[in-house]
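Structure assessment
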Amino acid sequence: MMRKLVFFIAILMPALGSSEPLRVFVSVPPQKTFVEKVGAHLVEVHTMVRPGHNPHTYDPTPQQISALSKTALYLRIGVPFENAWMERIRSANPDMRVLDNRTGIDLRSIARQEHEHHEKNDGHQPDKARDETRQTESERDPHVWTSPPLVKQMARNIRDALAELDPPNRLVYARNYGDFAAELDTLDRDIRSMLKDISNQKFMVFHPSWGYFADTYGLTQVPIEKEGKQPGARALTALIEQAKREQVKVIFVQPQFDKRSAKQVARAIGGRVVPIDPLAADYADNLREVARLIAEAVQR
Ligand code: ZN
């Protein structure tokens, strides 16, 4: 009996010694949720763009940069602050793995719907040559996490990255991934059934964060923001005309952004402004609520 106990302690000790969690940094709060689903107690996840901050303009704090020194993995997602900061993030810790969480995902262009709208509505032709040469990082829509099927691919990337950094626990990561993938399937089914009667409908947003969500569920987002800026007077008038024509009653806004022009459009159409947050950490519940609000907004 005693010998058995000693034996158990002997094999447990090294396991406990090596169980310090892997430190992972991510760019936005939903990614933290995803890494914690797959990594559970084996990871310690930090978010660069802290809650309430805007991933388009964020500046990491000196404390965050120094915390990178003990970090095993950085999962980027392509949000604009990364363009300015990625080199400094990498050089803060050359041993840290930096992976793109969007690997394996077909990226949409963020300007697509804006330009279609632009051409149709105010007669101004965007410079085609300039558009083609600008198919750069900043042209691709980074908001991939708003689509649950795409989050499955993000979760596969997370599983593979963690398994590679920590091979002894690869089966734990695989099992956690399986559970999370099943949750995402349920979420996807729930949203499909909530939105089944409103396919092909348009919803108006200030900042175009919901393109992948819209693509997945057969909807179209109409953004007010133009290439990251407040629209000019002429564009705003065109949007108000379009909103009236299409009987838009709700303008969705994102808490991290200025709401002035959204309120201006809402006032002009006798509608209202409703906040929906693509950066919420409670991913599944938040997305169900977003689907409910969109369904409610576009119902005639
Ligand atoms: Zn955004």
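You'll find the structure just up there.
Figured I'd write up the structure that's included with this text.

**Remarks on the overall build of the protein chain**
Looking only at helices and strands, the protein chain features 12 helices and eight strands. Within the protein chain, the proportion of its 300 residues that are buried is 49%. Intrachain contacts of the protein chain at a sequence separation of at least 6 include 66% that bridge at least 24 residues. Total accessible area computed for the protein chain in this model is approximately 15000 Å², and 53% of it derives from carbon and sulfur atoms.

**Side note on the coordination of the zinc ion**
At this site the zinc ion is bound by His 56 (NE2), His 143 (NE2) and His 207 (NE2), with donor distances of 2.0 to 2.1 Å. Along the chain, the residues donating to the zinc ion are arranged with the sequence spacing H-x86-H-x63-H. One end of the pair, His 143, is in the loop between helix H6 (128–133) and helix H7 (148–165); the other, His 207, is in the loop between strand S5 (202–205) and helix H9 (211–216), with 64 residues separating them in the sequence. The pair formed by His 143 and His 207 is uniform in burial state, with each residue classed as buried.

**Comments concerning the environment of Leu 279**
Summarising the element assignment, Leu 279 is placed in the loop between strand S8 (272–275) and helix H12 (283–298). For Leu 279, a relative accessible area of 6% puts it in the buried group. Along the chain, Leu 279 and Gln 256 lie 23 residues apart, while their C-alpha atoms are 9.1 Å from each other. With sequence-adjacent residues up to four places away left out, Leu 279 is seen in contact with Val 28, Pro 29, Pro 30, His 53, Pro 55, Trp 145, Gln 254 and Gln 256.

**Side note on the pairing of strand S4 (residues 97–100)**
Here four bridges tie strand S3 (residues 73–76) to S4, and the two strands are oriented parallel to one another. Bridge pairing in S4 links Tyr 74 to Val 98. The parallel pair S3 and S4, bridged by helix H4 (residues 81–92), forms a crossover whose chirality is right-handed.

**Focus: helix H10 (residues 233–245)**
End to end, H10 covers 18 Å across 13 residues, agreeing with the expected 18 Å (1.5 Å per residue, within 8%). Backbone geometry just downstream of H10 places Gln 247 in the positive-phi region, at approximately 55°.

**Topic: the nonpolar core**
Membership of the largest hydrophobic core comes to 69 residues, with the highest contact counts inside it found for Tyr 74, Trp 145, Phe 213 and Phe 252. If we skip the residues at most four places from it in the chain, Phe 213 touches Thr 146, Ser 147, Ile 191, Leu 195, Leu 219, Leu 287, Ala 291 and Ile 294. Of all hydrophobic cores here, the second largest spans 16 residues; its members include Met 204, Val 222, Ala 243 and Val 253.

**Structural notes on the sheet that holds S5**
Taking strand neighbours across the sheet as the criterion, the four strands line up as S6-S5-S7-S8 in an open arrangement whose pairing is parallel. Across the chains shown, the open sheet's two edge strands, defined by having one partner strand only, are strand S6 (220–223) and S8. Strand-to-strand, the axes of this sheet are offset by a mean angle of 40°, without reference to chain direction. With four bridges joining them, strand S7 (residues 250–253) and S8 adopt parallel strand pairing. Bridged to Val 253 within S8 is Pro 275. Seen against the sheet, H12 touches S5, S7 and S8 and runs at an angle of roughly 155° to S7.

Rules and cut-offs
- Residues numbered from 1 in each chain as written.
- Predicted model: local features only at pLDDT ≥ 70, side-chain atom pairs only at ≥ 80, totals over all residues.
- Heavy atoms only, no water.
- Helix = DSSP H or I, 4+ residues; strand = E, 2+ residues; numbered from the N terminus.
- Buried < 20%, exposed > 50% of the residue type's maximum accessible area, 1.4 Å probe, protein only.
- Contact = heavy atoms within 4.5 Å.
- Areas by Shrake-Rupley, 256 points an atom, 1.4 Å probe, with all protein chains shown as cover.
- Donors = N, O, S within 2.8 Å, 3.2 Å for Na, K, Ca; no water.
- Pairing = 2+ DSSP bridges.
- Right-handed = clockwise from strand over helix to strand, strands pointing away.
- Expected span 1.5 Å × (residues − 1).
- Core = buried A, V, L, I, M, F, W, Y, C linked by side-chain atoms within 4.5 Å.
- Axes fitted to C-alpha atoms, helices over the stretch in contact; angles between N-to-C directions.

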